[in-house]
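# Examining the three-dimensional arrangement
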Amino acid sequence: MLHNRRSIPWLASVVLAALSTAAVAAEPATPAVTSLQQAAAGSWRSDANKARDVYRHPVQTLQFFGLKPDMTVVELAPGGGWYTEILAPYLAAHGRLIEATSPGASAFTAKLKAMPSVYGKVGPMVDFAPPKQVRLGPDGSADMVLTFRNTHDWLNQGPDTLAAAFKAAFAVLKPGGVFGVVEHRARPYADAQQSARELHRIPEDYLIALALKTGFRLDGVSQINANPKDPEDINVHRLLPDLAGDDSEHAKMRAIGESDRMTLRLVKP
């Protein structure tokens, strides 16, 4: 029996399409998320990430910032997407999540593509690399901008870089919009650049002063993420979850937990 050789590519394409459809169908549908509590409890979050909720308090933090499900939210420098796992499903139905990340953040992009039922509505992705690439979208287009433990990295590049990130947040926010900031806290009135470089911490007064200079109004300061066990003079990577120091100090660092953190709600007038 003779076969039509031209039918082979066609048959291959049909098989590949079927396999692709099966792969998508294999991913369980994400249930409708109607609360932050549901988002934080989602099966798509790893046990390791959920275990850190006791230190990072995502539900209480986002409630303090005033997050609502119909908002347009810009997340700055999401890293591995720890908060994205909560923000994306919560905003999927009625809001919009824009991720502002460094160009070429392939691991983060792959994470989003791997689970379209959770992250399929995230977008657009914005290249964000202050001080040169800082435009987050049209001026006055966002209800909220969020940054979690990133400000010390920008300060390590220089005060102008940190200032550029704050100015970018101010520009994209609508009047009345919120800039939510969480950062490792240094001792009061410590040298900001030195503590950022050596400890990955910033004094709270330094960030508040920068926010006011940028034009923000300080609308609230929360101790949700405070940790009184943290002496604030330890490099944060020696603490949980990294435990980057000598094995001999790990028990002591575990007893402290994660870093003491400031939580600031800044509003664009």
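Our structure's up above, just so we're on the same page.
We now turn to the structure provided with this report. In this text, all values refer to a predicted model and were calculated from it rather than measured experimentally.

## Section: the overall build of the protein chain
- Regarding its fold elements, the protein chain presents 13 helices and seven strands.
- Taken across its 269 residues, the protein chain has 48% of its residues classed as buried.
- Nonlocal contacts in the protein chain, meaning residues at least 24 apart in sequence, comprise 76% of its contacts between residues at least 6 apart.

## Quick notes on the pattern of salt bridges
- If you walk through the whole model with that rule in mind, you get 15 salt bridges.
- Among the salt bridges present, the one from Glu-232 reaches Arg-185, with a minimum N-O distance of 3.8 Å. Of this pair, Glu-232 sits in the loop between strand E6 (217-222) and helix H13 (250-256) while Arg-185 is found in the loop between strand E5 (173-184) and helix H11 (192-199), placing the two residues 47 residues apart along the sequence.
- Among the residues examined, Arg-185 registers a relative accessible area of 9% and is labelled buried.

## Quick word on the packing of helix H10 (residues 159-172) against helix H12 (residues 204-214)
- Relative orientation of the contacting elements H10 and H12 amounts to 55°, with a least axis distance of 10 Å. By the angle between their axes, H10 is oblique relative to H12. In this structure, the crossing between H10 and H12 has a hand that is right-handed. For the pair H10 and H12, the contacting residues are Pro-159, Leu-162, Ala-163, Phe-166, Lys-167 and Phe-170 in the first and Tyr-206, Leu-207, Leu-210, Ala-211 and Thr-214 in the second.
- The residue inventory of the contact of H10 with H12, partitioned by class, reads nine nonpolar, one polar and one charged.

## Notes on the pairing of strand E4 (residues 142-148)
- The buried fraction of E4 is high, at six of seven residues.
- In the sheet, strand E1 (residues 72-76) pairs with E4 via four bridges, with the strands oriented parallel. Looking at E4, one finds that Leu-76 is bridged to Thr-147.
- Where E4 meets E5, six bridges bridge the pair, whose relative direction is parallel.

## Some words on the side chain of Arg-265
- Residue placement: Arg-265 occurs in strand E7 (residues 261-267).
- A polar contact is formed between the side chain of Arg-265 and the side chain of Asp-219, at a distance of 2.8 Å.
- Other than its neighbours up to four places away in sequence, Arg-265 contacts Phe-64, Phe-65, Val-178, Phe-179, Arg-217, Leu-218, Asp-219 and Gly-220.

Thresholds applied
- Residues numbered from 1 in each chain as written.
- Predicted model: local features only at pLDDT ≥ 70, side-chain atom pairs only at ≥ 80, totals over all residues.
- Heavy atoms only, no water.
- Helix = DSSP H or I, 4+ residues; strand = E, 2+ residues; numbered from the N terminus.
- Buried < 20%, exposed > 50% of the residue type's maximum accessible area, 1.4 Å probe, protein only.
- Contact = heavy atoms within 4.5 Å.
- Salt bridge = Lys/Arg side-chain N within 4 Å of Asp/Glu carboxyl O.
- Axes fitted to C-alpha atoms, helices over the stretch in contact; angles between N-to-C directions.
- Parallel < 35°, antiparallel > 145°, perpendicular 65-115°, else oblique.
- Left-handed = near helix turned anticlockwise from the far one by under 90°.
- Nonpolar A, V, L, I, M, F, W, Y, C, P; charged D, E, K, R; others polar.
- Pairing = 2+ DSSP bridges.
- Polar contact = N/O pair within 3.5 Å; in protein donor to acceptor, adjacent residues only side chain to side chain.

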